[in-house]
Amino acid sequence: MKKLIVFVFVGFIAQLIDGSLGMAYGVTSTTLLLTFGIAPAVASASVHLAEVVTTAASGVSHWKFGNIDRDMVVKLIIPGSVGAFVGACFLSNLPGDLIKPYISLFLLALGFYIIYRFLFLNGRSSFKSKKQWSNKQLIPLGLTAGFLDATGGGGWGPIATPILLANKSTEARKVIGTVDTSEFAIALSATLGFAISLGWEQVNWYWVLTLMAGGIVAAPIAAWLVRKLPSHLLGVLVGGLIILTNARTLLHAWEVPAPVYPTVYGLIVIGWATAVWMAIKNGRKGKVASGEMVS
């Protein structure tokens, strides 16, 4: 019973973070399963099967609160599904650990850029650009994010969200809602790939059901948060999470001594908290200036 409560709670927290910031469900859940000694392929299969239900609930919630760009969802689903299916089928033969550090370096830099943009370049005109993402841009993004999501047990949100946020044509809440909604198709495709390569008997249904239960409860709460949080604050929160998760990946990949971890994490959290404080402060200044202009 105690384990049941723990895993429901983990599913709730993972989906709350994923649904409100556009990433981290797979990473959080997979990491937990791996700590219990579950094989990477089985852990990833269990997480993706749970995500089929949680992402469906999340997608409906984001749609209800108007947090999605329908055109972008359609463009991301097909290449993302193909990438996820291929990644799931060939997980055991892929050098995912060799690729991850290079991707993490790129995403780490992108995380800093996103914080910088939402702190210092986030004017009201930032989201009025009519330049939309083309198929030539979204197809390789979907393929890559879907492929790495299946091979690493998480990657759709951490890759798709920051790259889409780096463009100024779509506001933050719609990027997050779009990525979360399209993730349903990616999770379904990855699950089918795992079913073909592993068989359903390899799936740990205990983990799946408990993760599902927590995620379903969290989905509408997360979608509501995205609707209510200001874009500039949302962007800074996402940027900090990107930096934190990718710093963790790099520390492990570079085999940095464990005693160094708290220092690195501490510095990141302090910097992140400072950025959030500045974002809140900038938001208040914007409201005051807007009020003065109206009066």
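Here the residue index of a chain counts from 1 through its sequence in written order. Where totals are concerned, whole chains, interfaces and linings use all residues; where local detail is concerned, this predicted model gives features only for residues with pLDDT of at least 70, and gives and counts side-chain atom pairs only at 80 or more. Remark: hydrogens and water are excluded; side-chain values derive from all non-hydrogen atoms of the structure.

Caption draft 1: Highlighting the overall build of the protein chain. Here a helix means four or more residues in a row that DSSP labels H or I, a strand means two or more in a row labelled E, and each is numbered from the N terminus. Assigned secondary structure in the protein chain consists of eleven helices and zero strands. Listing each helix as α and each strand as β along the protein chain from the N terminus yields α-α-α-α-α-α-α-α-α-α-α. Relative accessibility thresholds used throughout: buried, under 20% of the residue-type maximum; exposed, over 50%; partly exposed, between the two (1.4 Å probe, protein chains only). Of all 295 residues assigned to the protein chain, the portion counted as buried reaches 49%. For the protein chain, the computed accessible surface area is about 14000 Å², with 70% contributed by carbon and sulfur atoms. What sets the accessible areas is the Shrake-Rupley method with a 1.4 Å probe; for residues, cover comes only from the shown protein chains.

Caption draft 2: Here's a closer look at the side chain of D69. Mapped onto the secondary structure, D69 falls in the loop between α3 (40-64) and α4 (70-89). From its side chain, D69 meets the backbone nitrogen of D71 in a polar contact 3.2 Å long. Distance and chemistry together define a polar contact, namely a pair of N or O atoms within 3.5 Å, with one atom able to donate a hydrogen and the other to accept it when in protein, and with adjacent residues in sequence counting only for side-chain atoms on both sides.

Caption draft 3: Just the confidence of the model for the protein chain, in detail. Here pLDDT means the predictor's own confidence in every residue, given as a number from 0 to 100. In the predicted model, the protein chain carries a mean pLDDT of 78, and the fraction of residues at 70 or more is 79%. For the protein chain, helix α2 (residues 25-35) is the element with the lowest average pLDDT, namely 68, and α4 is the one with the highest, namely 87. The contact definition used throughout considers only heavy atoms, calling two residues in contact when any of these lie within 4.5 Å. For residues 123-130, every residue scores under 50 in pLDDT, and the model assigns this stretch 14 contacts once sequence neighbours within four places are set aside.

Caption draft 4: Broad picture of the pattern of salt bridges. In what follows, salt bridge is the name for a side-chain nitrogen of Lys or Arg lying within 4 Å of a carboxyl oxygen of Asp or Glu. The tally for this structure, following the rule as stated, stands at one salt bridge. One salt bridge in this structure joins K75 and D71, with 3.2 Å as the shortest N-O distance. Of this pair, K75 and D71 are both found in helix α4, four residues apart, which corresponds to roughly one turn of the helix.

Caption draft 5: Quick peek at a nonpolar patch on the surface. Two joining distances apply to patches: 9 Å for like charges and 5 Å for nonpolar side chains (Val, Leu, Ile, Met, Phe, Trp, Tyr), and every residue must have over 30% relative accessible area and no salt bridge. Residues I78, V82, F85, V86, I139, L143, F184, L188, L192 and I196 make up a contiguous nonpolar surface patch of about 840 Å² in total accessible area. For the nonpolar patch, the elements supplying multiple residues, two or more each, are α4, α6 (135-152) and α8 (172-198). Structurally, the position occupied by V86 is in helix α4.

Caption draft 6: Representation of the packing of aromatic side chains. A pair of Phe, Tyr and Trp rings is counted when the ring centres sit within 6.5 Å of each other, with Trp represented by its six-membered ring. The angle between the planes then sorts it: under 30 degrees is stacked, over 60 is edge-to-face, the rest tilted. What the rule picks out here adds up to one aromatic pair. Here Y261 and Y265 contribute two aromatic rings whose centre-to-centre distance is 6.0 Å and whose plane-to-plane angle is 70°, an arrangement assigned as edge-to-face. Residue Y261 and its partner Y265 are both found in helix α11 (residues 261-294); the two are separated by four residues, about one turn of the helix. A relative accessible area of 15% means that Y261 is categorised as buried.

Caption draft 7: Fine view of unusual backbone geometry. Positive phi is not limited to glycine here, since E255 has a value of about 55°. Along the chain, the position of E255 falls in the loop between α10 (231-253) and α11.

Caption draft 8: Local environment of the environment of S134. Position of S134 relative to the elements: it lies in the loop between α5 (96-120) and α6. Judged by relative accessible area, which is 30%, S134 ranks as partly exposed.

Caption draft 9: View of the environment of W63. Within the secondary structure, W63 sits in helix α3. Between the alpha carbons of W63 and T178 there is a distance of 8.9 Å; along the sequence they are 115 residues apart. Ignoring sequence-local partners within four residues, the contact set of W63 consists of I68 and R70.

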